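Chain and residue survey
For reference, the chains in residue letters:
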Amino acid sequence: EEERNVDVVILGTGLTESMAAAAIARHGKRLLHVDRAQSYGGNWRSLNLTELEVWVGESETSAADELDIDEVAPPDRDIAGLEVIDLDPRPFSSCFRLRSGAWDPFGTKSEEEREALRTELLKRPGGWSVDLLPRLLFGRSELVDVLVESGVSRYLEFQGLRSARVLTSGGLVAVPLTKSDIFQDPVLTLPEKRMLMRFITSMAPFVGSLAFASPAQLGVDQAHKLRAPTDIGVSQGPDGVDFEEPWSQFLQRQKLSARLQEFLTYAICLWDWAQPQESKQLAIMAQAEVLSTGEGLRCLSRFVSSLGLHGKGTGMPLLYPMYGASEIAQGFTRMCALHGGIYALRTSVTKLLASKDPDTGAWRAAGVVTHRGEVVRASAVISSCDHFLQDKSSTEGSEEASEQTGVRADEGMACKRMIVFTDRSLLGDEGVNLCVVPLGATEPALANVVQVLQLDWATGACPRGYHVLHLSQAMRVSQGTSDAEVSFDDLERVLKSLLSHCVADGAGPNCCLYRCSYIHQPRALDRRWTRGTPAGHILDACAAGRSLVLAADPSAVPQLLVGREVVEARSMFLDLPIYGSAEVPTGDDFLRKPAHVAMEEKSSAMEDLEHFNEQMQGASGDAQVSAAAASLDTHISGNDADAADASVCADGKVAAPE
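These notes cover the structure that comes with them. Computed from a predicted model, the values in this text were never measured in an experiment.

1. A closer look at the overall build of the protein
Looking only at helices and strands, the protein features 17 helices and 23 strands. Put simply, the protein has 658 residues, and 52% of those count as buried. Across the protein, every contact between residues at least 6 apart in sequence was considered, and the portion connecting residues at least 24 apart equals 75%. Surface accessibility of the protein: about 29,100 Å² in total, with carbon and sulfur atoms responsible for 51%.

2. Some points on the side chain of Ser292
Residue placement: Ser292 occurs in the loop between helix 10 (279-283) and helix 11 (293-304). Polar side-chain contacts of Ser292 include one of 3.2 Å to the backbone nitrogen of Glu295. Not counting residues up to four positions away in its chain, the partners in contact with Ser292 are Phe243, Glu244, Glu245, Pro246 and Trp247.

3. Focus: the packing of aromatic side chains
Across all of its chains, the model carries 14 aromatic pairs by this definition. With a centroid separation of 5.8 Å and 75 degrees between ring planes, the pair formed by Tyr40 and Tyr343 is classed as edge-to-face. Pair noted here: Tyr40 is in the loop between strand 2 (31-35) and strand 3 (46-47) and Tyr343 is in strand 11 (residues 342-345), with a separation of 303 residues, a long-range link. Using a relative accessible area of 26% as the deciding quantity, one classes Tyr40 as partly exposed. Following the ring pairs from residue to residue traces out a cluster consisting of Trp103, Trp128, Phe421, Tyr466 and Tyr514. The ring centre of Trp457 lies 3.7 Å from the NZ or CZ of Arg464, which sits over that ring. Sitting above the plane of the Phe106 ring, Arg515 keeps its charged end 5.6 Å from the centroid.

4. As for the pattern of salt bridges
A complete count under the given rule lists 22 salt bridges for this structure. Residue Arg253 pairs with Glu245 through a salt bridge whose shortest N-O separation is 2.9 Å. Of the residues examined, Arg253 reaches a relative accessible area of 47% and is grouped as partly exposed. The buried category is assigned to Glu245, whose relative accessible area is 13%. A salt bridge links Arg523 to Asp553, with the shortest nitrogen-to-oxygen separation between them at 2.8 Å.

5. Some points on the side chain of Ser547
Tracing the sequence through the fold places Ser547 in the loop between helix 14 (534-544) and strand 21 (548-551). A distance of 2.9 Å separates a polar side-chain atom of Ser547 from the backbone nitrogen of Ala365. In this view, Ser547 contacts Arg364, Ala365, Ser379, Ala380, Val381, Cys542 and Pro577; residues no more than four positions away in its chain are not counted.

Criteria and cut-off values
Numbering of residues begins from 1 in every chain and follows the order in which that chain's sequence is written. Given that the model is predicted, a residue must reach a pLDDT of at least 70 before its local features are reported, and side-chain atom pairs must reach 80 or more before they are shown or counted; all residues, however, enter totals for whole chains, interfaces and linings. Hydrogens and waters are ignored; side-chain quantities use all the structure's heavy atoms. The way it works is that DSSP assigns letters per residue, a run of H or I at least four long becomes a helix, a run of E at least two long becomes a strand, and they are numbered from the N terminus. Summary of the burial criterion: residues with accessible area below 20% of their type's maximum are buried, those above 50% are exposed, and those between are partly exposed, where the area comes from a 1.4 Å probe applied to protein chains only. Throughout, a contact is declared for two residues whenever any of their heavy atoms are within 4.5 Å. Computed with the Shrake-Rupley method and a 1.4 Å probe, the accessible areas treat only the protein chains shown as cover for residues. The term polar contact refers here to a pair of N or O atoms within 3.5 Å; inside protein, the definition further demands a hydrogen-donor-capable atom paired with an acceptor-capable atom, and it admits residues adjacent in sequence only when both atoms are side-chain atoms. Classification of ring pairs uses Phe, Tyr and Trp, with its six-membered ring standing for Trp, and accepts pairs whose centres are within 6.5 Å; under 30 degrees between planes counts as stacked, over 60 as edge-to-face, and the remaining range as tilted. Both a distance and an angle decide whether a charge sits over a ring: NZ of Lys or CZ of Arg must be within 6 Å of the ring centre and within 35 degrees of the ring normal. Salt bridge, as applied in this entry: a Lys or Arg side-chain nitrogen positioned within 4 Å of an Asp or Glu carboxyl oxygen.

This is the structure:
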């Protein structure tokens, strides 16, 4: 009975929904979290090899990993006095389109060899954990802060970025990440090294990094004093920096070479859109695609301020979660379950219940009905787009995102994605490696910048001896764009260019084992029900009162970085109408670290400090003994006769002979 009377029902186990669920349960509210799939993660899922093959073979109007719906009507007594709105139990839509895949995509093997390859890899399907939406986290970022503060980080492991490269017409070029990297770089000319260091030094008021500070500047425990990416102003700077000026023109005024401009814009700032040099070309670009100087400095700051915060050395500005991005969502589901959250997989919601306040006439969500006819009463409902679509409603609608949700969908933006399996490394090092490809790296030129993320067995993405590459390219789509107009030619050319570097090893295209491609296009939140109908008016009213909240699809841009999920989840947690006057949360209550975790960390920190002090004392004692021995050796060699009669005092000093 307790499971059917809760404060909140959450539909979908994506990152945003799972984060909100953990925060709500941590605040002491009763919660039921359901998902129609048989695994956690929603669109953030990481698939094994068998699941990936099935997923690629699905159309956008089917889902083989979901249950077959055999709907049972709820008892009339359980829904008496409530408005019942039918939902599609299996919405025929997805943010992933145009899926296709092929083994041995370049046809270098015979049919028998191709089938033998597939059979061999499918013997260990669980050895693969392939992200549908690979995500990197900056070491200094809001999500990392939330993971640490909440204690969820204890469930996770991360691998740091090993290298960042730029693919040019002449081959792969490593991007220097630290001061020592810059001076030791074999590709940059001496003038370029001086220009780059001068630029970084001049940007010191806006950008802070442990990696570019001297030992005297560092002192002790200085990481918290670094300027955060959001601390940068958006108005005229004190030294004459115009934050509204296009970034490309700003870099030109700094007299940086074209190569350094590409390094900074695409490999360091990780900007998703190509930035032309001419003002005329900039003028015709969409505003969201133009990188301003203010935004460029924020991007630069988030990168360099993350250097040296995690892992050994001063690298690793970006972190990749072991076994894929779905592990982050699952970490929050574990926290939610520990605080009393109830989970039900393979459960579909077929109806939304709404009640009308007799005094004010306002509508609010009152619960849901599952496909098994179970009635769950609740004060609020949170849902992903995958789980909420009014039955028989059309997804055609306005271009604007829903205002009542407070979150704007990525309407007009999409991302072409390609997953590739190889048996050779295309980017050199083991672990997590990043490569960006500017427009002029291939012939003909690319339509937009391409980003490439390479993972291997060290990240848990695949068995030892194999590699997984994620290629992506941002694109803009309009309502009239047809599927026939979408081309993966740019990603194909980049893949062939990377494979060409393996020819010397006798591999080349032969090392490409599998390839699949698809379009990631977030859906507009205001198309989940039909406006102008009685049911549509009720859903509009529930959404306006925040008793019904839709979570946005994962953003297509940025392609490889976590987006607005923390902001969205915090908004859900704070704005839900489920709190009494004495329990209204504040921003500080969002995923606050549990008391027992704080005590454990404090105890562990004290133990580490005591161990460190013991080591220092031991090292100090060893140093004194070594110094005494050295002094004695010197004295003996200098005066053999006297040294023969000399005695060594207990304190290690040499006493004069009597």
